[in-house]
Amino acid sequence: MSRFIVHGGNKINGEIKLQGAKNSILPILSAAVLTDGETVLRNCPELSDVYAAGRILTHLGCKIKKENNNSLVVVNNGISENTIPDRLMREMRSSIIFLGPVISRCGECSLSFPGGCQLGPRPLDIHLNSLRKMGVSISEEHGNIRCSAPAGIKGAKIILPFPSVGATENILLAAVLAEGETELRNPAREPEIIDLIQYLRLCGAKIDISEDSTLNIKGVSKLSGCEYSVIPDRIAAVTYMAAAAATGGALKITDTAGIDTELFSVYFEQMGCSVYTGNDSIYIKSGKRLKAIKSLKTMPYPGFPTDMQAIMMALLSIAEGTSVFEENIFESRYKHVDALNKMGADIKVYGKIAVVEGVKKLYGTEVEATDLRGGAAMIIASLAAEGTTVISNINHIDRGYENIEYLLSSVGADIKRKS
Ligand code: EPZ
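None of the values given here were measured: they were computed from a predicted structure.

Cut-offs applied
- Residues numbered from 1 in each chain as written.
- Predicted model: local features only at pLDDT ≥ 70, side-chain atom pairs only at ≥ 80, totals over all residues.
- Heavy atoms only, no water.
- Pairing = 2+ DSSP bridges.
- Helix = DSSP H or I, 4+ residues; strand = E, 2+ residues; numbered from the N terminus.
- Axes fitted to C-alpha atoms, helices over the stretch in contact; angles between N-to-C directions.
- Buried < 20%, exposed > 50% of the residue type's maximum accessible area, 1.4 Å probe, protein only.
- Core = buried A, V, L, I, M, F, W, Y, C linked by side-chain atoms within 4.5 Å.
- Contact = heavy atoms within 4.5 Å.
- Polar contact = N/O pair within 3.5 Å; in protein donor to acceptor, adjacent residues only side chain to side chain.
- Salt bridge = Lys/Arg side-chain N within 4 Å of Asp/Glu carboxyl O.
- Parallel < 35°, antiparallel > 145°, perpendicular 65-115°, else oblique.
- Left-handed = near helix turned anticlockwise from the far one by under 90°.
- Nonpolar A, V, L, I, M, F, W, Y, C, P; charged D, E, K, R; others polar.
- Near = heavy atom within 4 Å.
- Areas by Shrake-Rupley, 256 points an atom, 1.4 Å probe, with all protein chains shown as cover.

Enquirer: Would you take a moment to explain the sheet that holds strand β24 (residues 388-392) for this structure?
Expert: Whether parallel or antiparallel, the strands of a sheet pair through hydrogen bonds between backbone atoms. If you trace the four strands from one edge of the open sheet to the other, you get β23-β24-β1-β25, paired in mixed fashion. The open sheet has two edge strands, β23 (366-368) and β25 (414-418), and neither has a second partner. Each strand of the sheet is rotated relative to its neighbour by a mean of 20 degrees, with strand direction disregarded. Summarising the sheet, β23 and β24 pair through three bridges and their orientation is parallel. Its bridge partner lying in β24, E368 is registered against S392.

Put into structure tokens, the structure is as follows:
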């Protein structure tokens, strides 16, 4: 298994270009199941999860080709398959977002339960109960989900008990070709949901967003492929900002147009960094020792993002003072704490609360990436640590970060991939 070898202590200084958003491209790739003809996706990040989604699309009957580094072409001349085998479902946690489009296109779909992951059990009750309201009959047995909608999918009034990102995407993808109208209240409001809506509208979907964020979808008879550029990846931006903040450096990140950078810059400013946000770039300058943040509670967008939690914890583990995290989105998203403590951090977990006593220094050692953002936290901690850190299980990191070791090396980090 590949590893990253990081020699800590170098300041991160320079400029990098931000990648396209993983959590945008994945639902948009599943939306390509619904469209006829060719879809060209620009600003597509080179990630293992994108290749996994491509393998599912190919299995379903689409043709995928890379046009250049960051453009992907999906040609859909018909969906010939409505079952997604376990070997493909297991490759990517969020493969469940193919359920809505396949049911919509084929009238039936069988796939295996993607199962839990490092973040805890990943139930699908909100997805499945919503699809049932749209006329889909669903049976769950022996880890498989069998769905059918012989009379086609019908529009429905749906209120989500929790603004689940994946469930919002599945409902959207089931509703755009449904018979009648769907009203979806309390949907997820993440920028990646808006990106999916923009892509679907460009393909011919009729989707309105009301003042209170309710989504109103009028089913249409057909959607055609189009050319679309996905938004930049806000969590990747946070990750590279954290690399500069952790090492007392200064970094400019370009190609940020389309994301609200102020929503996450505020946390870096609370830690004492200077941040300047432009239309298409963001500049962060760290400097003296970071300051603790008394309370950070993860919330649905636009609150403090759960995907930022591990990255901020790595940073705050060397800040001056005590920071208290409350993880409200996932059941167990503290798998990175043991590794940070092994590097010399002082973090105690009490259920969904994590108390971080800032220490002056972390020390390099051998650690494992536990999940995607936990792995990113390991990189941030190792850049600031004294000595050498070996990070294993970096396949988790490759799921969401495009060429992270090259990008960080280009701005001063001493990080190498060893297979
Ligand atoms: C998406 O996951 C993102 N993944 C996650 O990013 C992100 O952390 C999460 O949204 C929250 O913002 C992608 O977009 C590919 P949810 P998703 O459905 O859709 C519970 C990353 O690091 N829930 O909003 O799975 C669920 O268990 C990844 O890039 C139910 O109980 O998130 C969780 O506790 C990690 N029943 C909470 O809701 C359901 O039917 C949030 O889940 C569905 C979800």
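Enquirer: Would you explain the pairing of strand β5 (residues 71-76) in this entry?
Expert: A regular strand places its side chains so that they alternate between the two faces of the sheet. The buried fraction of β5 amounts to six of the six residues, a majority that puts the element mostly inside the structure. Residue alternation in β5 divides its side chains into two sets, S71, V73 and V75 and L72, V74 and N76, and both sets are buried. Sheet analysis places strand β3 (residues 35-42) next to β5, joined by five bridges and oriented antiparallel. Counterpart to V40 in the pairing with β5 is V73. Pairing analysis gives five bridges linking strand β4 (residues 63-68) to β5, with the strands arranged antiparallel. Counted as the bridge partner of K63 is V75 from β5. Counting the residues in the hairpin turn of β4 and β5 gives two residues.

Enquirer: Please explain the nonpolar core as it appears in this structure.
Expert: Generally speaking, nonpolar side chains in soluble globular proteins are found buried as a group. Judged by nonpolar contacts, the single largest core of 76 residues is most densely connected at Y240, F268, M312, L315, F325, I391 and Y401. In terms of residues, this core owes the most to one element, helix α8 (residues 234-246), which gives eleven residues. Aside from chain neighbours lying at most four places away, what touches F268 is V238, M241, A242, A245, C273, V275, I284, M308 and L315.

Enquirer: Would you mind going over the side chain of T298 with me for this structure?
Expert: With respect to the element layout, T298 can be found in the loop between β19 (295-297) and α10 (309-316). Residue classification places T298 among the buried positions, given a relative accessible area of 1%. In this structure the side chain of T298 is engaged in a polar contact, spanning 2.7 Å, whose partner is the backbone nitrogen of N328. Apart from residues no more than four positions distant in its own chain, T298 is found in contact with F304, P305, T306, Q309, E326, E327, N328 and I329.

Enquirer: Would you take a moment to explain the pattern of salt bridges for this structure?
Expert: A pair can form between side chains of opposite charge whenever their charged atoms are brought close. By the definition in use, this model includes 21 salt bridges. Ionic pairing is found between R42 and E67, a salt bridge with its closest N-O pair at 2.5 Å. With R42 in strand β3 and E67 in strand β4, this residue pair connects regions lying 25 residues apart in the sequence. For R42, a relative accessible area of 25% translates into the label partly exposed. Classification of E67 as partly exposed rests on a relative accessible area of 44%. K66 is the partner of E46 in a salt bridge, and the nearest nitrogen-oxygen pair spans 3.0 Å. Placement of E46 in the loop between β3 and α2 (48-60) and of K66 in strand β4 is noted, with a sequence separation of 20 residues between them. The partly exposed category is assigned to E46, whose relative accessible area is 24%. What you see here is one network of salt bridges that share partners, running through D36, R105 and K222.

Enquirer: What's the story with the packing of helix α4 (residues 99-106) against helix α6 (residues 165-175) in this structure? I'm lost.
Expert: To describe two helices that pack against each other, one gives the angle between their axes and the distance between the axes. At a closest axis distance of 7 Å, the pairing of α4 and α6 adopts a crossing angle of 15 degrees. By the criterion of interaxial angle, the relationship of α4 to α6 is roughly parallel. Where α4 crosses over α6, the handedness of that crossing is right-handed. Within the contact between the two elements, α4 uses L99, G100, P101 and S104 and α6 uses N170, L173 and A174. Here the contact of α4 with α6 is built from residues that sort into four nonpolar, three polar and no charged.

Enquirer: Even after reading the chapter, I still don't get the sheet that holds strand β11 (residues 181-185), so can you show me in this structure?
Expert: If you walk across this open sheet you meet the four strands as β10-β11-β13-β12, and the pairing is mixed. Of all the strands in the sheet, just β10 (157-159) and β12 (206-209) have a single pairing partner and so form its edges. With strand direction ignored, the average angle separating the axes of adjacent strands in the sheet is 15 degrees. Bridging between β11 and strand β13 (residues 215-218) involves four bridges; their strand directions are antiparallel. Residue E181 lies in a different strand from β13, and its bridge partner there is K218. Where helix α7 (residues 191-202) meets the sheet, its contacts fall on β12 and β13, and the angle it forms with β12 comes to roughly 145 degrees.

Enquirer: Whenever I open this one, the site of the ligand confuses me. Can you help?
Expert: In the vicinity of the ligand, 23 residues are found, and the nearest of them are D125, I126, S164, D307 and I329. Between D125 and the ligand, the recorded distance is 2.7 Å, taken from a side-chain N or O atom to a nitrogen atom. Within the backbone of G166, an N or O atom sits 2.8 Å from an oxygen atom of the ligand. Considered on its own, the ligand offers 830 Å² of accessible surface; in the complex 86% of this is hidden by protein.

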